[in-house]
Amino acid sequence: MNFRAVRAIYIFEMARTLRTLLQSIISPVISTSLYFVVFGAAIGSRISEIDGVKYGAFIVPGLIMLMLLTQSIANASFGIFFPKFSGTIYELLSAPLSFVEMVLGFVGAAATKSIILGLIILATASLFVPITIVHPIFMLAFLILTAVSFSLLGFIIGIWADRFEKLQVVPLLLITPLTFLGGSFYSINILPPVWRTVTLFNPVVYLISGFRWSFFGKADVNIGASLGATFLFLFVCLIVVWRMFATGYRLKV
Amino acid sequence: MPPIISVSNLSKTYASGFCALKNINLDIRAGEILALLGPNGAGKTTLIGIICGIVNPSEGRVSVEGHDIVKDYRVTRSMIGLVPQELTTDAFESVWSAVTFSRRLFGRRDDPALIERILRDLSLFDKRNSEIRTLSGGMKRRILIAKALSHEPRILFLDEPTAGVDIELRKDMWQIVASLRASGVTIILTTHYIEEAEAIADRIGIIDKGELILVEDKTVLMQKLGKKQLIVHLREKLEALPSNLAVYDLVLAEDGRSLTYTYTTGHDGRSVMALLEDIAAAAIEFSDITTRESRLEDIFVQLVRQRK
Ligand SMILES: Nc1ncnc2c1ncn2[C@@H]1O[C@H](COP(=O)(O)OP(=O)(O)OP(=O)(O)O)[C@@H](O)[C@H]1O
Ligand SMILES: [Mg+2]
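Residues numbered from 1 in each chain as written. Chains lettered and ligands numbered in written order. Predicted model: local features only at pLDDT ≥ 70, side-chain atom pairs only at ≥ 80, totals over all residues. Heavy atoms only, no water.

### Notes on the packing of aromatic side chains
Residue and element names in this part refer to chain A.
Then comes step 1: If you walk through the whole model with that rule in mind, you get 20 aromatic pairs over all chains.
Then comes step 2: Ring centres 6.4 Å apart and planes at 35 degrees place the aromatic pair Phe78 and Phe164 in the tilted group. Taken together, the residues Phe78 in helix α3 (residues 55–86) and Phe164 in helix α7 (residues 164–181) connect sequence positions 86 residues apart.
Then comes step 3: Put simply, the rings of Phe78, Phe81, Phe82, Phe85 and Phe164 touch in pairs and so form one group of aromatic residues.
Then comes step 4: The aromatic ring of Trp160 is capped on one face by Lys166, whose charged end is 5.0 Å from the ring centroid. (Phe/Tyr/Trp six-rings, centres within 6.5 Å; stacked < 30°, edge-to-face > 60°. Helix = DSSP H or I, 4+ residues; strand = E, 2+ residues; numbered from the N terminus. Lys NZ or Arg CZ within 6 Å of the ring centre and 35° of its normal.)

What follows is the structure, given as structure tokens:
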């Protein structure tokens, strides 16, 4: 195992975040605060409680998830896309580095950033509404699992993308709609039965529901299903990454 | 001694269907400087890319000190440093951290003293804290070299290291190449400045249209294919060659004022003396004698043109 290389990539990627502090940390925090003001204050004044939880607090897990998913993908996809784009990938490819090590470095850094971001957003939210976390260990577990899984997905997108626009396609057309429709800002139980059933095909529902359960002890779907879905997603991403490297897909010509 | 790199039956067909390398067989000797020459698009970079792990081979195999580059990639890649043809560097990193990063990537323990020495040798030390994007093209080329040397490779690939580089840096570069070679590093380089190859290479390989058309010791190549010309400038106009000179391969200039004799470099020179004696015997007076030697460049152009 080439641990020095893993560490080098990890440090390199974290340094990139620090250099772009504004766009990697501050802007997500600002946009979360905006969501909070709009949804929490404006709508929250009309909907007082869902499942016995104050609306302002109810949307916090969903908001964190929204940021977690989009930022994990954005960070990880850019992290691997950029060396491909600039040509500096030659160095990674010519180094004694296995795909596992490359993934550990890039995905590890992207996931770390998302986790830190998630915690910052949580702290920001707690300035607006009092938040208690019923299952803190599960909360952290969901946070980490989701950050890792979606950083992996971002990594896959970064390798697949051969143009800058493609980096945006999946987050914009898939992840953001799925997150909004996945109950970030409402309980799927308030939907008409038909739509509720349709919604259950949205994998993000399981993530948000599980994450919300760790906060309030109440879930839209069974917590076991949530955990299962999260692991399944992680597993599928790992398989895809593994296949990509085994074939040198879009990395080697 | 077994070759340090052994390429056998190597072919590469790109996804586009273009066949960039055709059945290449090449043994590279430990400690030598091998210059790969060839016109644009010949396949030099592709060959280097395969050996270094950037391009997937389509057929054939490459081994480095007996280790297969696919199966034992960790071993083979640890031994190899690569200076790519394109100027690809990070923009916002400092010179120091970029070079340190390379060393770590190859799994080596940090060694600031070594990095300092490399940067000093390349006149980069003063710029160590500068962001790379603020440096000139030649400086970036030096950084690529520093990165390749940072992990103390035993084999160094230089893909057109002197393209777009000023005379000063070019001299520095050959100085470094010479000292690396002295320390036992095997060097494979490509260049379009053939006089460079002529000056520093031990062996010359010529690639054209994906085929390795020749690999030869430089001196042997020059002897075998190099030509010399002796030009005799005549005092008076000569209308026709006298009969006693017919045995020589002589060309009388159109204005009748000079004779050109072409012979191979490996020649012992006895016929030159005989020729001069015969010219004197024919009572032809000459005012001056000049010689011309064909350079590697002429040989190269001739070989590649023949195949067209
Ligand atoms: N990724 C690729 N896909 C398709 N064709 C490629 C690819 N890379 C290179 N080629 C083609 O393969 C051939 C060999 O390219 P290569 O870069 O190895 O040449 P080279 O000898 O290094 O040339 P130069 O002296 O210009 O650097 C060229 O015709 C090139 O167009
Ligand atoms: Mg080239």
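### Examining the side chain of A:Asn75
Then comes step 1: Among the structural elements, A:Asn75 can be located in helix α3.
Then comes step 2: Look past the residues within four positions of A:Asn75 in its chain and what remains in contact with it is A:Arg16, A:Ala110 and A:Lys113. (Contact = heavy atoms within 4.5 Å.)

### A word on the pattern of salt bridges
Residue and element names in this part refer to chain B.
Then comes step 1: Overall, the coordinates contain 21 salt bridges over all chains when judged by the stated rule.
Then comes step 2: Between Glu152 and Arg103 there is a salt bridge, with the nearest N and O atoms lying 2.8 Å from each other. Placement of the pair is Glu152 in the loop between α5 (137–149) and β7 (155–159) and Arg103 in helix α3 (residues 95–105), with a sequence separation of 49 residues.
Then comes step 3: Of the charged contacts in the structure, one is a salt bridge between Asp172 and Arg142, with a shortest N-O distance of 3.9 Å. (Salt bridge = Lys/Arg side-chain N within 4 Å of Asp/Glu carboxyl O.)

### What to know about the domain arrangement of chain B
Residue and element names in this part refer to chain B.
Then comes step 1: Here chain B is described as being made up of domain 1 (5–222) and domain 2 (227–306).
Then comes step 2: Between domain 1 and domain 2, the C-alpha centre-to-centre distance is 42 Å.
Then comes step 3: Facing the 13 residues of domain 1 at the interface are nine residues of domain 2.
Then comes step 4: Both faces combined, the contact of domain 1 with domain 2 buries some 1000 Å², and carbon together with sulfur accounts for 76% of it.
Then comes step 5: Along the contact surface separating domain 1 from domain 2 lie zero salt bridges.
Then comes step 6: Between domain 1 and domain 2 we count zero residue pairs in polar contact (both at pLDDT 80 or more) in total. (Domains from an automatic or database assignment. Buried area = accessible area lost by both parts, 1.4 Å probe. Polar contact = N/O pair within 3.5 Å; in protein donor to acceptor, adjacent residues only side chain to side chain.)

### Considerations on the interface of chain B and chain A
Then comes step 1: Across the boundary between the two partners, chain B contributes 28 residues, which contact 26 residues of chain A.
Then comes step 2: The junction of chain B with chain A conceals about 2600 Å² of combined surface from both sides, 55% of it contributed by carbon and sulfur atoms.
Then comes step 3: Taken together, the connections running from chain B to chain A amount to three salt bridges.
Then comes step 4: Connecting chain B to chain A are 13 residue pairs in polar contact (both at pLDDT 80 or more).
Then comes step 5: Residue assignment for the side of chain B that touches chain A shows that the elements contributing at least two residues are α2 (73–79), α3 and α5 of chain B.

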